[in-house]
Amino acid sequence: MIPIKLYGPKKCISTYAFIDDGADATMLEWELGKQIGLQGRKGNLKLQWLNGHCSSQQSETVEVSISGTQDDCVKYKISNIFLIKNLELPTQSFALNGLKCSSDLSKLPIENYFNIKPQMILSLTHAFLTVPIDVPMCPDDNGPIAVKTRLGWVVYGPCGTESEHLTKRVLLTRKSSAEDVTLESIMRQYFDTESCMVKLDAKPVLSKDDQRALAILKNTTTLRGGRFQCGLLWKSDEYKFPDSYSMALKRLQLVERKFKTNKKLEMGYRSKMRHLLNKGYARRLTAEEEKIISDKTFFLPHFAVVNPRKDSLRLVFDAAAKVQGVSLNDHLLPGPDLNQSLLSVMFKFREKPIAVCGDIKEMFLQVGIIKEDQEAQRFLYRESESQPVSQYVMTRAIFGATCSPTIAQYVKNTNAEMFVDKYPRAVEAIIRKHYVDDYVDCFSSVEEAIKVVEEVITIHKQGGFEMHKIVSNCESINKHFGNPARQTMNITSGNPEKILGMQWSPATDDFVFDCRFQRVPDDILENKRIPTKREVLSLVMSVFDPFGLLGDFTISGKIFMQSLWKSGLGWDEFIPEALCDSWKSWLCGLVKNTPYFL
């Protein structure tokens with residue numbers, strides 16, 4: 001990596017470039033290019049990686065002037081630069097005092113940097129900028145070397161002691177864009193459910209990151225006033241966020257523009273925001289507090305996620321939003337997976353005749369975040385556009401932070417373990433028969449069910465959690481917990497309960513599969529146009545079936561996806577003509593089936 005300056009029509013920006021001698025396309029982060037005012041020819045860029053993997057995305061070809069950061073560096077104008085969204089290059093740190101031969105290197109104008117994420121790839125296309133123009137320094141065979149280039153000095157090679165070499169990361173090129181990697185991961189998880197009862201479900205040894213996350217939880221988690229609070233799971237003790245106010249303000253203005261065309265969205269959005277403030281989940285900062293900006297200060301944009309089936313709205317704080325290539329989630333650890341296996345919880349739910357399910361109300365929002373970490377959860381809001389924008393802070397774990405699921409699970413289990421001697425069966429239910437905020441259990445008798453569920457409710461209440469929506473396939477249990485009996489539910493027109501991603505009908509104690517594919521465009525279902533690879537995947541994966549109950553129905557779609565995968569097709573490319581007959585055959589068989597399966 002090398003520090004550089006980029007010059008555009010609007011301004012000059014200092015950043016870092018990643019020198020990649022194996023690439024033949026020089027790329028620049030889209031957002032950075034627009035900040036300095038670059039404009040060029042738009043088009044699609046197709047990238048080919050190892051093993052023939054391909055991806056394509058929208059790009060823009062521009063020209064830019066570049067130089068090193070030293071005062072005597074010459075400015076060069078280079079062309080054929082591709083603006084790319086979400087380069088997602090790996091972070092890196094460099095310090096002279098941690099290197100061998102530092103006495104030799106210390107004579108050179110080399111900058112230290114910490115947790116820097118480069119925003120540009122310098123490829124062979126512009127190799128004249130990065131080839132050595134001076135003799136390498138530090139001739140020690142086991143140490144790093146410094147090479148002078150037209151952009152300044154850059155350090156190559158190993159650093160530190162021999163033992164440290166064993167823990168260093170190897171940086172590899174990504175084989176596709178960040179969005180494609182996410183889609184591939186989702187697809188692999190989907191097909192992984194077929195390994196049920198075949199692959200050993202064993203927890204791996206905790207990594208150093210997971211050990212650090214658990215240490216933070218143990219050291220910061222306290223119970224105060226009937227509610228737990230803990231710290232965020234920081235990757236490092238040393239970090240500094242860039243100024244994110246402007247980014248959050250632009251995102252707020254974007255949300256407000258949507259309000260002008262969608263009054264229903266505005267009403268729901270403002271109602272949810274008032275709910276956060278009235279409940280104490282968020283608070284407005286004072287004028288004095290707004291002026292205090294620390295290294296930990298980060299402004300989170302927020303947006304709404306609407307569920308059309310439930311006609312409900314959820315506010316999400318975008319911890320993945322980036323400023324200068326850095327987001328809040330980039331500095332947070334996800335922590336160890338403290339959840340029970342989904343299939344294990346589901347199997348236990350079917351062991352006995354009396355079934356009960358419920359969930360924890362606003363689970364993440366019931367966990368407080370220590371005051372010093374709340375600085376990273378600031379956000380901007382105003383009740384109307386006629387008012388000035390004010391600063392607020394989320395005081396609870398947010399939906400959107402990568403560490404929130406682990407924090408919530410740790411707090412839930414820690415609270416339950418305090419009652420293991422008094423309520424052993426209920427504690428087992430909380431630790432073994434919860435999946436995130438969903439509670440699913442089964443019993444041999446009504447009396448046992450009521451007793452255990454009441455104990456579960458009591459334990460959760462002691463930790464600030466509220467159990468609600470208790471539903472059973474037993475009429476007397478529904479009445480005991482204030483729910484109407486479900487004996488008259490019509491399967492084809494009623495609303496089954498959604499538990500762990502599946503739909504369950506309490507009236508008949510059946511799992512229900514809705515295969516009407518309401519989110520799939522009609523012209524695809526009616527076979528009026530050829531879909532893209534992404535649309536095929538959306539259709540195949542729209543049936544969530546971890547048990548494999550509909551295997552004979554879904555297997556053809558999975559086989560078809562494998563054919564698309566082997567073809568090397570991009571996600572947004574239409575399926576090839578050679579596979580159209582197979583697609584039409586599967587689709588015709590699909591739409592002729594009954595909308596519901598039991």
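Participant: How should the overall build of the chain be read in this particular structure?
Facilitator: Within the chain, the secondary structure is distributed over 17 helices and 27 strands. For the chain, the residues scored as buried account for 47% of the 598 residues in total. Here the chain has roughly 31000 Å² of accessible surface; of this, 51% comes from carbon and sulfur atoms.

Participant: Looking at this structure, I do not really get helix α15 (residues 533–540). What am I missing?
Facilitator: Because each turn of an α-helix spans 3.6 residues, side chains separated by three or four positions end up pointing in the same direction. The set of residues buried in α15 consists of Lys 533, Val 536, Leu 537, Leu 539 and Val 540. Looking straight down α15, one finds that the buried residues subtend no more than 160° of arc, so they occupy a single side.

Participant: Sorry if this is basic, but what is going on with the confidence of the model for the chain here?
Facilitator: Caution applies to low-pLDDT parts of the model: their predicted coordinates are not meant to be read in detail. Summing up the model confidence of the chain, the mean pLDDT is 83 and the portion of residues at 70 or higher is 82%. Residue range residues 161–176 is modelled with pLDDT below 50. Its contacts to residues more than four positions away, or to other chains, number 23 contacts. This stretch, residues 485–494, has a pLDDT under 50; its non-local contacts, to residues over four places away or in other chains, come to 21 contacts.

Participant: I'm lost on the nonpolar core in this one. Help?
Facilitator: One recurring pattern in soluble globular proteins is that nonpolar side chains are buried together. Leu 276, Leu 328 and Met 394 are the most contacted members of the largest nonpolar core, which has 74 residues in total. By residue number, the principal contributor to this core is helix α12 (residues 446–462), which donates 6 residues. Those residues in contact with Leu 276 that sit more than four places away from it in its chain are Tyr 281, Ala 282, Leu 315, Phe 317, Leu 365 and Met 394. Among the nonpolar cores identified, the runner-up in size contains 38 residues, and Met 502, Phe 513, Leu 569 and Cys 580 belong to it.

Participant: Any chance you could explain helix α7 (residues 263–278) here in plain terms?
Facilitator: With 16 residues, α7 extends 22 Å from end C-alpha to end C-alpha; this agrees with the ideal 22 Å at 1.5 Å per step. Of the residues making up α7, those classed as buried are Leu 265, Glu 266, Tyr 269, Arg 270, Met 273 and Leu 276. One side of α7 carries all its buried residues, which in axial view fall inside an arc of 120°. Away from its buried face, by an angle of more than 90 degrees, α7 presents the exposed residues Lys 263, Lys 264, Met 267 and Asn 278. The N-capping residue of α7, defined by a side-chain oxygen 3.4 Å from the backbone nitrogen of Lys 264, is Asn 262.

Participant: Honestly, empty space enclosed by the protein in this entry has me stumped. Any pointers?
Facilitator: Rolled over the atoms, a probe sized like a water molecule indicates the empty space that remains. Taken as a whole, this structure holds 2 cavities of 30 Å³ or more when the rule is applied. Looking at the second largest cavity, the residues that line it are Ala 248, Arg 251, Leu 252, Leu 300, Pro 301, His 302 and Leu 380. The element contributing the most residues to the lining of the second largest cavity is helix α6 (residues 245–261), with 3 residues. Of the residues contributing to the lining of the second largest cavity, the split by class is 5 nonpolar, 1 polar and 1 charged.

Participant: Teacher, can you tell me more about the pattern of salt bridges here?
Facilitator: When the charged atoms of two side chains with opposite charge come close together, those side chains can pair. Taken as a whole and assessed by the stated rule, the structure comprises 20 salt bridges. Linking Lys 433 and Asp 441 is a salt bridge whose minimum nitrogen-to-oxygen distance equals 3.1 Å. Here the salt bridges share partners, and the residues they tie into one network are Lys 117, Lys 322 and Asp 330.

Participant: Got a minute to help me understand the environment of Lys 11 in this structure?
Facilitator: Note that Lys 11 resides in the loop between β1 (2–7) and β2 (12–19). For the pair Lys 11 and Gln 35, spaced 24 residues apart in the sequence, the C-alpha separation amounts to 7.8 Å. When near neighbours in sequence (up to four residues on either side) are disregarded, Lys 11 contacts Leu 6, Gln 35 and Ile 36.

Participant: Looking at this structure, how should I read the packing of aromatic side chains?
Facilitator: For any pair of aromatic rings, the description rests on two quantities: the centre-to-centre distance and the angle between the ring planes. Within this structure, the stated rule accounts for 14 aromatic pairs. With 4.6 Å between their ring centres and 20° between their planes, Trp 234 and Tyr 239 make a pair best called stacked. With relative accessibility at 6%, the residue Trp 234 sits in the buried group. In this structure Tyr 239 comes out as buried when scored by relative accessible area, which is 15%. Residues Tyr 239 and Phe 241 carry aromatic rings whose centres are separated by 5.9 Å and whose planes lie at 55° to one another, so their mutual orientation is tilted. Here the two residues Tyr 239 and Phe 241 agree in accessibility, since each one is buried. Sitting above the plane of the Trp 30 ring, Lys 34 keeps its charged end 5.3 Å from the centroid. The aromatic ring of Phe 399 is capped on one face by Arg 314, whose charged end is 4.2 Å from the ring centroid.

Participant: What's the story with the sheet that holds strand β18 (residues 368–369) in this structure? I'm lost.
Facilitator: The strands that make up a sheet are held in pairs by hydrogen bonds between backbone atoms, and each pair lies either parallel or antiparallel. With mixed pairing, 3 strands are arranged side by side in an open sheet as β12-β13-β18. The strands lining the two open edges of the sheet, one partner per strand, are β12 (222–224) and β18. Relative to strand β13 (residues 227–230), β12 is paired through 3 bridges, and the arrangement is antiparallel. The residue of β13 that forms the bridge with Leu 223 is Phe 228.

Parameters at a glance
Along each chain, residues carry numbers from 1 onward, in the same order as the chain's sequence is written. Two thresholds apply to this predicted model, a pLDDT of at least 70 for residue-level local features and 80 or more for giving and counting side-chain atom pairs, whereas whole-chain, interface and lining totals are computed over all residues. Working from all heavy atoms in the structure, the side-chain values ignore hydrogens and water. To qualify as a helix, a DSSP run of H or I must reach at least 4 residues; to qualify as a strand, a run of E must reach at least 2; elements of each kind are numbered from the N terminus. Note on classification: 1.4 Å probe, protein chains only; a residue is buried when its accessible area is under 20% of the maximum for its type, exposed when over 50%, partly exposed between these limits. Here the accessible surface of atoms and residues is derived via Shrake-Rupley with a 1.4 Å probe, and residues count as covered only by protein chains that are part of the display. This arc corresponds to the set of directions leading from the helix axis out to the C-beta atoms. Confidence scores here are pLDDT values: one per residue, from the predictor, ranging 0 to 100. Note on contacts: a residue pair qualifies if any of its non-hydrogen atoms lie within 4.5 Å across the two residues. In plain words, nonpolar cores are sets of buried Ala, Val, Leu, Ile, Met, Phe, Trp, Tyr and Cys residues tied together by side-chain atoms within 4.5 Å. Helix span, as expected, comes to 1.5 Å for every residue beyond the first. What qualifies as a polar contact is a pair of N or O atoms within 3.5 Å, subject to a donor-acceptor requirement within protein and to the restriction that residues adjacent in sequence count only when both atoms come from side chains. Grid spacing is 1 Å over the protein atoms alone, the probe is 1.4 Å, and a cavity is where that probe fits but cannot get out, while a pocket is an open set with protein on both sides within 12 Å along at least five of seven lines and lining residues have an atom within 4 Å of a point. Grid points are joined across faces, edges and corners, and a volume is the space filled by probe spheres set on the points. For this classification, the nonpolar set comprises Ala, Val, Leu, Ile, Met, Phe, Trp, Tyr, Cys and Pro, the charged set comprises Asp, Glu, Lys and Arg, and every other residue, Gly included, is treated as polar. What makes a salt bridge here is a side-chain nitrogen of Lys or Arg within 4 Å of a carboxyl oxygen of Asp or Glu, nothing more. Put simply, two rings from Phe, Tyr or Trp (the six-membered ring, in Trp's case) pair if the centres are within 6.5 Å, and we call them stacked under 30 degrees between planes, edge-to-face over 60, tilted for the rest. Here, a charge over a ring is recorded when the distance from Lys NZ or Arg CZ to the ring centre is within 6 Å and its angle to the ring normal is within 35 degrees. Two strands are counted as paired when DSSP detects at least two bridges linking them.

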